[in-house]
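# Structural overview
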Amino acid sequence: MSAGIIGIGKYSPDRIVTNKDLEKMMDTSDEWIRTRTGIEERRIAADDIDTSDMACEAAKEALHDAGVLPEEIDLVMVATVTPDQPFPTVSCILQDRLGCRNAAAMDLSAACAGFMYGMITAKQFIETGSYKNILVVGTEKLSKITDWSDRNTAVLFGDGAGAVVIGTVSEGRGILSFELGADGSGGKFLYQDQYIRMNGREVFKFAVRKMGDASENVIEKAGLTKEDVDFLIPHQANIRIMEASRERLELPDEKMSKTIQKYGNTSSASIPLSLYDDLKAGKIKDDDVVVMVGFGGGLTWGAIALKWGK
Ligand code: ACO
C-alpha cells in the first residue's frame, strides 16, 4: 500500500507587510532583506485570527479537494510551534470544528521540519493499513512570538497554514522514501524564550549541509538519481540556503519552488504553502518526482521523495 497526498488546501492572511513597511519600524532596508534572504513581503494574521483558525481554513479546503468527509478522517495531526495554547491542542480544536468525530488528534513539534515529520508519521499509519485517511496540517502564527524590536529575526517570519490529506494512492506513486533526523546539541542556535532567538550564521551552515545531505539520501533510498528529480520544494527560510540545495541536486532554477519572496519563513507551513502554489501554477504534474526537504529549531530535519499523483 502506498501513501500519498490526495488533497491539499492553504490559508494565507490578507494583511501584507512589505520590507518598506519594516523600514519604518526598525533599522533595516528593503535592499538588505532582499539580498540576504530573498524575502520581499510576508503575510501577518489579524489579532483575532489564531493558529487554529488558519489551520481550519486550510484543512477544510484539503478535505474538499480530497473528496473525503470529515468523519472519514482517522487522525488529525498538526505541526506547529505556535499553538493557540499548550492544550487543548490545535489538532483537538480542528477535530471538533471540522467534525472529524472518528479521528484521533495530536500536535507535533519539530519547528520548521514539522510538516515533514507529520507526513512521514502519516505514511507509517497508512502503509501498515491501520488508518485510511490522515489530515496533516502545518500552521504558524509566528508573528506572536516575533520580537519586533530585533531586526535579526523580525524581518524573516510570516504567518500561514497548509494542509494535506494523506491516503492510499496507486502503486509506484506517493511517498517513495524518507529521512528524519535531529541534533539536539544545536538547540542553542535556534530557540524560543518569549520570542524566537537565533544564531543566523550557525543555522545557515547547518541548513545548507543537512538539506543537501537529506535530499541526496532520499533520492538514493528511492532507487533514483538526481537526473530523475523533476521538482524540489525546500523549506523557505532563506533564498541562499535554498539555492545551495538546488545546486547540490544540479537542478535548473525553474525546478525549485520559490514562495519565500511573498510569504517569508512560515516554519511548518512553508512546504505545504509552496506545494499548493506550485500545483496551482501547473509546475507539478502526475508522475513527477518531487523532493521536499525541511530543517528547523531543535535542530531537526526531514526529507521525502515522492511521485506525484493519486
Ligand atoms: N537589516 C539590516 N541589517 C541587518 C539585519 C536587518 N534586518 N539583520 C542583521 N543585520 C546586520 C547585522 O547586524 C550584521 O551587521 P554587522 O556586520 O555590522 O555586525 C550584518 O547585517 C550581517 O549579519 P549576518 O548575521 O552576518 O548576516 P547573514 O548574511 O548571515 O544573514 C540571516 C543573516 C539572513 C539571518 C542568515 O544568517 C540566515 O538566513 N540564517 C538562517 C536563518 C534560518 O534559516 N532560520 C530558520 C529559523 S526557522 C524556525 O525554526 C522558527
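What comes next concerns the included structure. Note that the structure is a prediction, hence the values are computed from the model and not measured.

## Some points on the nonpolar core
Counting residues in each nonpolar core, the largest one holds 38 residues, and the members touching the most others are Leu 22, Val 155, Ile 196, Leu 232, Val 291, Val 293 and Phe 295. For this core, the elements supplying multiple residues, two or more each, are α7 (200-221), α8 (239-248), β12 (289-296) and β13 (300-307). The element best represented in this core is α7, accounting for 7 residues. Formed jointly, this core draws a minimum of three residues from each of two domains, domain 1 (2-169) and domain 2 (174-257 + 271-307). Leave out the neighbours within four places in its chain, and Val 155 touches Leu 22, Met 26, Thr 28, Trp 32, Ile 33, Ile 39 and Arg 42.

## Overview of the sheet that holds strand β11 (residues 231-234)
As summarised here, the arrangement of the 4 strands in space is β8-β13-β12-β11, forming an open sheet in which the pairing is mixed. If you trace the sheet from one side to the other, it starts and ends with β8 (174-182) and β11, each paired once. Looking at each pair of strands side by side, their axes are set apart by 10 degrees on average, direction ignored. Alignment of β8 against β13, held across 8 bridges, turns out to be antiparallel.

## Side note on the packing of α7 against α8
One can describe the packing of α7 onto α8 by two numbers: an axis separation of 9 Å at closest approach and a directional angle of 30 degrees. Viewed along their axes, α7 and α8 adopt a mutual orientation that is roughly parallel. Viewed along their axes, α7 and α8 form a crossing whose handedness is right-handed. Side by side, α7 and α8 meet where Phe 204, Ala 207, Val 208, Arg 209, Met 211, Gly 212, Asp 213 and Glu 216 of the first sit next to Arg 240, Ile 241, Ala 244, Ser 245 and Arg 248 of the second. Per-class residue counts for the contact of α7 with α8 are 6 nonpolar, 2 polar and 5 charged.

## Focus: the site of the ligand
Near the ligand there are 25 residues, and of these Thr 28, Arg 36, Cys 112, Arg 201 and Asn 238 occur at the shortest range. Note that an oxygen atom of the ligand is positioned 3.3 Å from one of the side-chain N or O atoms of Trp 32. In the model, an oxygen atom of the ligand is placed 2.5 Å from a nitrogen or oxygen of the Asn 238 side chain. Starting from 1000 Å² of accessible surface for the ligand in isolation, the protein chains cover 77%. Those elements giving two or more residues to the shell around the ligand turn out to be α2 (30-37), α6 (151-154), α7, α8 and β12. With 4 residues, the top contributor of residues to the shell around the ligand is α7.

What counts as what
- Residues numbered from 1 in each chain as written.
- Predicted model: local features only at pLDDT ≥ 70, side-chain atom pairs only at ≥ 80, totals over all residues.
- Heavy atoms only, no water.
- Core = buried A, V, L, I, M, F, W, Y, C linked by side-chain atoms within 4.5 Å.
- Buried < 20%, exposed > 50% of the residue type's maximum accessible area, 1.4 Å probe, protein only.
- Helix = DSSP H or I, 4+ residues; strand = E, 2+ residues; numbered from the N terminus.
- Domains from an automatic or database assignment.
- Contact = heavy atoms within 4.5 Å.
- Pairing = 2+ DSSP bridges.
- Axes fitted to C-alpha atoms, helices over the stretch in contact; angles between N-to-C directions.
- Parallel < 35°, antiparallel > 145°, perpendicular 65-115°, else oblique.
- Left-handed = near helix turned anticlockwise from the far one by under 90°.
- Nonpolar A, V, L, I, M, F, W, Y, C, P; charged D, E, K, R; others polar.
- Near = heavy atom within 4 Å.
- Polar contact = N/O pair within 3.5 Å; in protein donor to acceptor, adjacent residues only side chain to side chain.
- Areas by Shrake-Rupley, 256 points an atom, 1.4 Å probe, with all protein chains shown as cover.

Keep in mind these values describe shape, not function.
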